[in-house]
Amino acid sequence: MSVRIFVPQDAAALALGSERVATALTREIEARGLDATIVRNGSRGLHWLEPMIEVETPEGRIAYGPVKASDVVSLLDAGLTTGGTHALCLGKTEELPFLKNQTRLTFARCGIVDPLSLADYRAHDGLKGLERAVTLSPADIVTHVTESGLRGRGGAGFPTGIKWKTVLDTPGDRKYIVCNADEGDSGTFADRMIMEGDPFVLIEGMAIAGIATGATKGFVYIRSEYPHAIATMTQAVEIAHKAGVLGSSVLGSVKAFDIEIRTGAGAYVCGEETALLNSLEGKRGIVRAKPPLPAHKGLFNCPTVINNVISLASVPIIMDKGPVYYKDFGMGRSRGTIPIQIAGNVKHGGLYEAAFGLTLGQIVDEIGGGTATGRPVKAVQVGGPLGAYFPRALFDTPFDYEAFAAKDGLIGHAGITVFDDTADMLKQARFAMEFCAIESCGKCTPCRIGSTRGVETADKIAQGIEPEKNLALLADLCNTMKFGSLCALGGFTPYPVTSAMNHFPDDFRPVPLVEAAE
Amino acid sequence: MNLHVSSRDIGERTLDIVSEMKSLEGPLLPILHEIQAEFGYVPQEALPIIARELNLSRAEVHGVVSFYHDYRDHPAGRHVLKLCRAEACQSMGGDALAERVKSLLGIDFHQTTLDGAVTLEPVYCLGLCSTAPAAMLDGEVHGRLDADAVRDLVAEVRA
């Protein structure tokens, strides 16, 4: 049997040259007449080792990385196809500590399977959740999801089961499932990885959501910055349709469900659910006032479930293994696992799925290995551009929705961006305001005008103009934005700003005005 | 992508695209994406046709086109270089790298070099936050950029 060699096609691997590796490997395999097949898989999530290639051996998969195209000849000379020894050999993939210590439920197949092989998906427990769902009543599926304790992984943390129940209980001729794949937060890439590495799990999760709520049509709204994810998802939907996973008879049942892939157009605010719905309808991505909730009047005024990619992709395993299995992981009211994305200035960046409850310090220092530059960690921003900057003093905070809220932060979409001691926190606070000004949809005044005033005020502080007065003004502005904005963009921009001010006051100290020489 | 099309051709092609896609639910964004893919930008001449066919006002169509960062009102350079400006890339020296690219190209963000070779655009996150700083050149992604790597990218677009 032909030996399978895995060369990731995940965007992070591509960004580090995996396409050149695949090309060189293909050429060299052909030239040597070897019996080997190249599979373009997703990423295992060990991004500092990308491009990380693997070879299937009777003893399991053996990993090599980071591999450059110029390493291909020496790798094959060393017997790559049989897992031969080489300086880049990392040993058995499953034994790598970064992977071994994870609890991969949502990402169970990512990086392992051929993303576009439905046979591979089935061979790795795929479709079991949907097979189960088609035999249950909608109410039973909703109960399963509710009992699992799954909460919205997009950031808000709203219980998924309750959202689904609202849509199930709302009468409507037409209902929709909308997947929010507008993953715009810096420091996050879990949605992208699952769409590129295991697209069928998202399709399966959406189909289950459709059956559970009576919705027959689903949309995946993917940001235009993710062309690879768009391409993979589009192909996967076609394959699923042809195989009868989607269509007028889902897996041969009487249920119908179909999916359409839509592309965003570069507006960050469309990650906000009501702005996303407007965008899907072909309008400006302006935030809607709530109520009505999308569950009552969502897309085209129809009852709509709008969930994040990871929330939907976590549903199949809940349906397959049962709510108790999932719920047994985690702490407090944060149940199950969370794919933590370790990013920025960090030695071991990548995706780490674990039960809730690891401390921030464990994640940054032990798993992430500290900074890439080798300098001390100054701050970590948790939860994207709307998340708070945490200093080392708060590294004992456990990764849990409530624990982070208690420290005036949020876990958001679980992205962690590490900064070393060269970071200037006043500059970071200014950037948070600047970003909000660029991306504000303009509907509410605190966000639209407050963000611009925030940039100006931060500039005055930096120039040493009436620093005390302007610091008080900035704090006051944050307060207005936090409580007066319509959505999380204006409402959460104060998190990075006030956390930077509170935890790193030295960076906000007045710099004396330089007087021009006479 | 044909950059030299007459107004009449724009009208005909726009009508073809709209006719093909207007049966979609919420067709405006997919139509605008297709028009930009066809012409390299969204020509003013296309707007009244879209408005008429979708039974919208011209103001509504203009409002949508101008809301989204992706839609251009004039053609870009032969290459488009998008540099990530978001936090994860900042933490790895993205700001300094951006300054370097700007000085190598002699342009600022949102500008095109005089020879029409390249348009430089900011992007707020490519989802390559663990391999920062990152950029996208004509849809191809590049990670862990340093001074040498951006010099090579600039040489590539200048060639």
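Residues numbered from 1 in each chain as written. Chains lettered and ligands numbered in written order. Predicted model: local features only at pLDDT ≥ 70, side-chain atom pairs only at ≥ 80, totals over all residues. Heavy atoms only, no water.

Asker: Just to check I follow, could you spell out the overall build of chain B for this structure?
Answerer: Scanning chain B from N- to C-terminus turns up seven helices and five strands. Moving toward the C terminus, one meets the helices and strands of chain B in the order α-α-α-α-β-α-α-β-β-β-β-α. The dimensions of chain B, computed from C-alpha atoms along their principal axes, are 50 × 30 × 25 Å. Here chain B holds 159 residues, and 55% of them are scored as buried. Expressed as a percentage of contacts within chain B between residues at least 6 apart in sequence, the contacts between residues at least 24 apart total 60%. Of the accessible surface of chain B, which amounts to about 7200 Å², a share of 49% is contributed by carbon and sulfur atoms. Averaging the locations of the 14 positively and 24 negatively charged side chains of chain B gives two centres separated by 3 Å. (Helix = DSSP H or I, 4+ residues; strand = E, 2+ residues; numbered from the N terminus. Buried < 20%, exposed > 50% of the residue type's maximum accessible area, 1.4 Å probe, protein only. Contact = heavy atoms within 4.5 Å. Areas by Shrake-Rupley, 256 points an atom, 1.4 Å probe, with all protein chains shown as cover. Lys, Arg positive; Asp, Glu negative; His and termini not counted. Charge placed at Lys NZ, Arg CZ, Asp CG, Glu CD.)

Asker: What exactly am I supposed to notice about the domain arrangement of chain B here?
Answerer: Buried accessible area, meaning the area lost when the parts come together, often serves as the stated size of an interface. As far as domains go, chain B holds domain 1 (7-67) and domain 2 (79-158). Once you take the C-alpha centre of each, domain 1 of chain B and domain 2 of chain B turn out to be 30 Å apart. (Domains from an automatic or database assignment.)

Asker: Please explain the sheet that holds strand β5 (residues 89-92) of chain A as it appears in this structure.
Answerer: Picture the strands of a sheet paired through backbone hydrogen bonds; they go either parallel or antiparallel. Residues and elements named next belong to chain A. Strand order in this open sheet of five strands is β2-β1-β3-β4-β5, and the pairing throughout is mixed. Bordering the open sheet on either side are β2 (36-39) and β5, each of which pairs with just one other strand. The sheet shows a mean angle of 25° between the axes of neighbouring strands, direction not considered. When strand β1 (residues 3-6) meets strand β3 (residues 53-57), the two strands line up antiparallel, connected through two bridges. Following the sheet pairing, phenylalanine 6 is matched in β3 by glutamate 54. Together, β1, β2 and β3 form the strand contacts of helix α2 (residues 18-32), whose direction differs from that of β2 by roughly 165°. (Pairing = 2+ DSSP bridges. Axes fitted to C-alpha atoms, helices over the stretch in contact; angles between N-to-C directions.)

Asker: When you look at the pattern of salt bridges in this model, what are you seeing that I'm missing?
Answerer: Where charged atoms from two side chains of opposite charge come close, those side chains can pair. Overall, the coordinates contain 46 salt bridges over all chains when judged by the stated rule. The partner of arginine 392 of chain A in a salt bridge is aspartate 365 of chain A, with the nearest N and O atoms 2.4 Å apart. Residue arginine 392 of chain A is found in the loop between β15 (389-391) and α16 (401-406), and its partner aspartate 365 of chain A is found in helix α15 (residues 360-367); the two are separated by 27 residues along the sequence. Classification of arginine 392 of chain A by relative accessible area gives partly exposed; the value is 41%. By sharing partners, the salt bridges in this structure join Arg174, Lys217, Glu260 and Arg262 of chain A together with Glu25 of chain B into a single network. (Salt bridge = Lys/Arg side-chain N within 4 Å of Asp/Glu carboxyl O.)

Asker: What am I meant to see in the interface of chain B and chain A here?
Answerer: Counting residues at the interface gives 38 residues for chain B, matched by 64 residues for chain A. A combined buried area of about 3600 Å² lies between chain B and chain A, and 57% of that area is made up of carbon and sulfur atoms. At the boundary of chain B and chain A, one finds three salt bridges. Arginine 174 of chain A serves as the salt-bridge partner of glutamate 25 of chain B, at 3.4 Å between the closest nitrogen and oxygen. Among the elements of the structure, α2 (28-39), α4 (58-67), α5 (87-90) and β5 (140-142) of chain B are those that each provide at least two residues to the side of chain B that touches chain A. Along the lines of polarity and charge, the residues of the side of chain B that touches chain A split into 19 nonpolar, 13 polar and six charged. (Buried area = accessible area lost by both parts, 1.4 Å probe. Nonpolar A, V, L, I, M, F, W, Y, C, P; charged D, E, K, R; others polar.)

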